[in-house]
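Descriptive analysis of the structure
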There are 2 protein chains.
Amino acid sequence: MAGIDDVARRAGVSATTVSRALSGRGRVSEKTRERVRRVADELGYVASATAASLATGQTMSVGVLVSLTGRWYFATVLDGIAARLAPHGYDLTLYDLTDDAAQRQLLFETSLRRGRVDGILALTVTLSDDEIDALLGLGLPVVGLGTPSPRVPALRVDDRAVARAAVAHLLALGHRRIAHIGNSKGPGAGCDVPTQRHDGFVEAMTDAGVPCPVFVQTDFTVADGRRATLELLQREEPPTAIFAASDELAFGAIFAARERGLRVPDDLSIVGVDGHEMGELFGLTTIDQFPRRQGERAAEHMLALLTATDDPTPPAAPPATVPVVPARVPDISTTVPVIPARVPAISATVLSEPLPFELVTRTSTAPPAE
Amino acid sequence: MAGIDDVARRAGVSATTVSRALSGRGRVSEKTRERVRRVADELGYVASATAASLATGQTMSVGVLVSLTGRWYFATVLDGIAARLAPHGYDLTLYDLTDDAAQRQLLFETSLRRGRVDGILALTVTLSDDEIDALLGLGLPVVGLGTPSPRVPALRVDDRAVARAAVAHLLALGHRRIAHIGNSKGPGAGCDVPTQRHDGFVEAMTDAGVPCPVFVQTDFTVADGRRATLELLQREEPPTAIFAASDELAFGAIFAARERGLRVPDDLSIVGVDGHEMGELFGLTTIDQFPRRQGERAAEHMLALLTATDDPTPPAAPPATVPVVPARVPDISTTVPVIPARVPAISATVLSEPLPFELVTRTSTAPPAE
DNA sequence: CTGAAAGCGCTTACAG
DNA sequence: CTGAAAGCGCTTACAG
């Protein structure tokens, strides 16, 4: 692999000039820049990320904390993040969070501390207080997406509102025996996404005069949704409608209904949350939260933090929503020019306005039979 | 963040010794090592990945080339890879491949050349000849998983055999009008996965006396599977069975059948490929290829290449299957000790024996009606 | 506009 | 077993 000195020699300039010509930082005559670019291309020279990182203190990489295990939502969000990061020359380091204690410890106490990333995007994963401490103690910008802790600045949808919208839809159809399945650890257990949805459900039901609505706690897979629904359906007073905290749970509910010989929506109405790609085929009514777009916005927000020139006057208004970096796709032929960044202090706990969501009505919901 | 000199000073030794004590490379008295460890813990010191990389030439990171877009299979494989890499102290840099030409060019001509990873895992993605050239020209170990090019050493299942097993199952049930839906670019178009499955299908059908079996080319989503199946079902002689090249396509086929008022399996039998988590709920008969395990094995293989000490006698037998690095989970409390690696030349095009697969018979297949 | 030199924070022969 | 010094390959004040 050619090094910067090879290019310098061949172009008849110093390494300093090569660095400047290729990075776009500092003045270089157009003529010199041209020549250096050409030589770099000939030699196939690209600056070593490692060496550049050590010299600049920037890694040009963003870490993403996620628990991939089979969840469609996360894969989709991740895809959105990757799509936004790449054109800006940022790599994406994936930290797949498992339940394994040793692995988590290794992650938070070592991997994350090795300084390999400039910032961290924490997707909705349940983190312990210690883990949050570790995360915030990194001294890096951290942006959450629907994160569990109020201490992590996060983009998020108003999950109570999501739940209320789903329940309102069912109530409007005439349902009263509405059950909820989700992964809330119980009423008021925290501010994590499943609990918010649970609380929103309870609020809406209470407002409608059903103070103690039925809730079944379960994990987030299709199989779990099926199991929880089967359990609900064999109760004395089975629900006429189910609000599932995710589309995958809702799919499971549809399978369960089918197994019991119930028709959806005639005998059982079902609403999910997410906007899963298979929702349309299942005819699932859902609250779409546009996961890919969420990933894009989270990435945009991170980029904004990372490329913010350390303005002496800290912006009164927080970095706000989207405007972010203009779609300045770097010169592809050579090195990626980058605005030098200084990590700004992050102020707000909740960023900008909540993320959008939308009720998508399909064929899994209808008025109750009787 | 504390640096190595802080630790050295406080422990009363040189930086050299700190490095040795924490990395496990080189002799250090047990007593000194203890003290250094303790001080490092107190100070929360972890060696900078960037500085260490520059000094050693190893990044302790593996790049994964994948096209995430919604495909369950890839997310699952990725999860398997991450699970295997993490305990060995390797990070995972995700390169999400899109169809965008500019982004791909940026990836192959710049991102990948910045020397940020020690090796590359290329999941089944369609790469152009130029891209393969770029990949192989990196001078890094590259391991494919079901990769399109014969030039990339890869772990793979025998996809022709997969197809034959699926078709054999249908033939044994008495089907003759068997159609295939998949993403082969046509007969004999290459050695990529979809084409292999297609060719295996044709072989099996030809052997059974059906020389020109029906094939519909389509993308790999559930919606595509539905569309392709709807098309097949309105032909003059609709198939009695469908072999879908993925479980997601098969799900789409099931939806299509249902839409047309056909019962599965009575009126239409359906077989998929993958071992998708929702397969059981759909009652889908499938060829399970254990995707998570595939990811794990690909990661293990890469680790074996990366940690192979450059043995002067090149092993006559290729690195072979699994034995790999013993499950030597590094000392979590401090820095990760690592066997110094020299990248060995990779010889074989096809690695070890093919990956396993298995027919899982469920309720989507049965003898044809008449 | 251009370059020599110092420095980023580690690791590793080399010497003791 | 331990340390001083060079070096990994860039970038960036500083000086011209």
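Shown above is the structure to which this text applies.
Criteria and thresholds
- Residues numbered from 1 in each chain as written.
- Chains lettered and ligands numbered in written order.
- Predicted model: local features only at pLDDT ≥ 70, side-chain atom pairs only at ≥ 80, totals over all residues.
- Heavy atoms only, no water.
- Near = heavy atom within 4 Å.
- Polar contact = N/O pair within 3.5 Å; in protein donor to acceptor, adjacent residues only side chain to side chain.
- Helix = DSSP H or I, 4+ residues; strand = E, 2+ residues; numbered from the N terminus.
- Nonpolar A, V, L, I, M, F, W, Y, C, P; charged D, E, K, R; others polar.
- Buried < 20%, exposed > 50% of the residue type's maximum accessible area, 1.4 Å probe, protein only.
- Arc of directions from axis to C-beta.
- Contact = heavy atoms within 4.5 Å.
- Least-squares fit on C-alpha atoms with pLDDT ≥ 70 in both.
- Salt bridge = Lys/Arg side-chain N within 4 Å of Asp/Glu carboxyl O.
- Pairing = 2+ DSSP bridges.
- Axes fitted to C-alpha atoms, helices over the stretch in contact; angles between N-to-C directions.

Looking at the protein's contact with DNA strand D
If you check the shell around DNA strand D, you find 24 residues, and the closest are Ser19 of chain A together with Thr17, Arg20, Arg27 and Thr32 of chain B. A distance of 3.0 Å is found between a phosphate oxygen of DNA strand D and a backbone nitrogen or oxygen belonging to Ile4 of chain A. In the model, a phosphate oxygen of DNA strand D is placed 2.4 Å from a nitrogen or oxygen of the Ser19 of chain A side chain. For the surface near DNA strand D, the secondary-structure elements that each account for two or more residues are helix H2 (15-23) and helix H4 (49-56) of chain A together with helix H2 (15-23) and helix H4 (49-56) of chain B. Among the elements that make up the surface near DNA strand D, the one with the highest residue count is H4 of chain A (four residues). When the residues that make up the surface near DNA strand D are grouped by side-chain class, the tally is 10 nonpolar, 10 polar and four charged.

Quick notes on helix H1 (residues 4-11) of chain B
All names here are of chain B. Looking at H1, one finds that the buried residues are Val7, Ala8 and Ala11. For H1, the angular spread of the buried residues around the axis is 100°, confining them to a single face. Of the residues in H1, the exposed ones pointing more than 90 degrees away from the buried face are Arg9 and Arg10. Buried positions along H1 lie against H2 and helix H3 (30-43).

Quick look at the relation of the copies chain B and chain A
In screw terms, the move from chain B to chain A is a rotation of 180° and a rise of 0.0 Å along the axis, fitting with an RMSD of 0.0 Å. As the rotation angle and translation indicate, the two copies are arranged about a two-fold axis. Among all C-alpha atoms of chain B, that of Thr93 of chain B lies closest to the rotation axis, at 2.2 Å. Of the interface residues in chain B, 100% have counterparts in chain A that sit at the interface too, so the contact is made through matching surfaces.

Considerations on unusual backbone geometry
Across the junction of Val264 of chain A and Pro265 of chain A, the peptide omega takes the value 10°, indicating a cis bond. Looking at the secondary structure, you find Pro265 of chain A in the loop between helix H11 (247-259) and strand S9 (269-274). With phi around 50°, Phe290 of chain B is a residue other than glycine that occupies positive phi space. Tracing the backbone through its elements, the reader meets Phe290 of chain B in the loop between strand S10 (285-288) and helix H13 (291-307). The exposure class assigned to Phe290 of chain B is partly exposed, which follows from its relative accessible area of 29%.

What to know about the pattern of salt bridges
A full pass over the atoms with the stated rule returns 43 salt bridges over all chains. The salt bridge partner of Arg235 of chain A is Glu231 of chain A, with a shortest N-O separation of 3.0 Å. With a relative accessible area of 34%, Arg235 of chain A lands in the partly exposed category. Taking relative accessible area as the criterion, Glu231 of chain A reaches 31% and is therefore assigned partly exposed. Glu42 of chain B is paired through a salt bridge with Arg38 of chain B; the nearest N and O atoms lie 3.4 Å apart. Taken together, the residues Glu42 of chain B and Arg38 of chain B, both in helix H3 and four residues apart, mark about one turn of the helix. We classify Glu42 of chain B as partly exposed; its relative accessible area is 44%.

Details of the environment of His276 of chain B
All names here are of chain B. In this fold, His276 is placed in the loop between strand S9 (269-274) and helix H12 (279-282). For the pair formed by His276 and Thr16, sequence separation is 260 residues and the distance between their alpha carbons is 51 Å. Among the polar contacts made by the side chain of His276, one reaches the main-chain amide nitrogen of Met278 at a distance of 2.9 Å.

Quick notes on H4 of chain A
Among all positions in H4 of chain A, only Ala49, Thr50 and Ser53 of chain A are buried. Projected down its long axis, H4 of chain A shows its buried positions confined to an angular sector of 100°, all on one face. Packing partners of the buried residues in H4 of chain A comprise H4 of chain B. One side-chain oxygen at the N-terminal end of H4 of chain A lies 3.3 Å from the backbone nitrogen of Thr50 of chain A; it belongs to Ser48 of chain A. A positive backbone phi angle near 85° is found at Gly57 of chain A, which sits one or two residues after H4 of chain A.

Looking at the sheet that holds strand S8 (residues 241-244) of chain B
Residues and elements named next belong to chain B. Pairing is mixed across the open sheet formed by six strands, whose spatial order is S7-S6-S8-S9-S10-S11. The outermost strands of the open sheet, each flanked by one partner alone, are strand S7 (214-217) and strand S11 (358-360). Between one strand axis and the next, the sheet turns through 20° on average, direction left out of account. Pairing analysis gives four bridges linking strand S6 (residues 178-182) to S7, with the strands arranged parallel. Each bridged residue has a counterpart across the sheet, and for Ala179 the counterpart in S7 is Val214. Along the sheet, helix H9 (residues 193-207) makes contact with S6, S7, S8 and S9, crossing S6 at roughly 170°.

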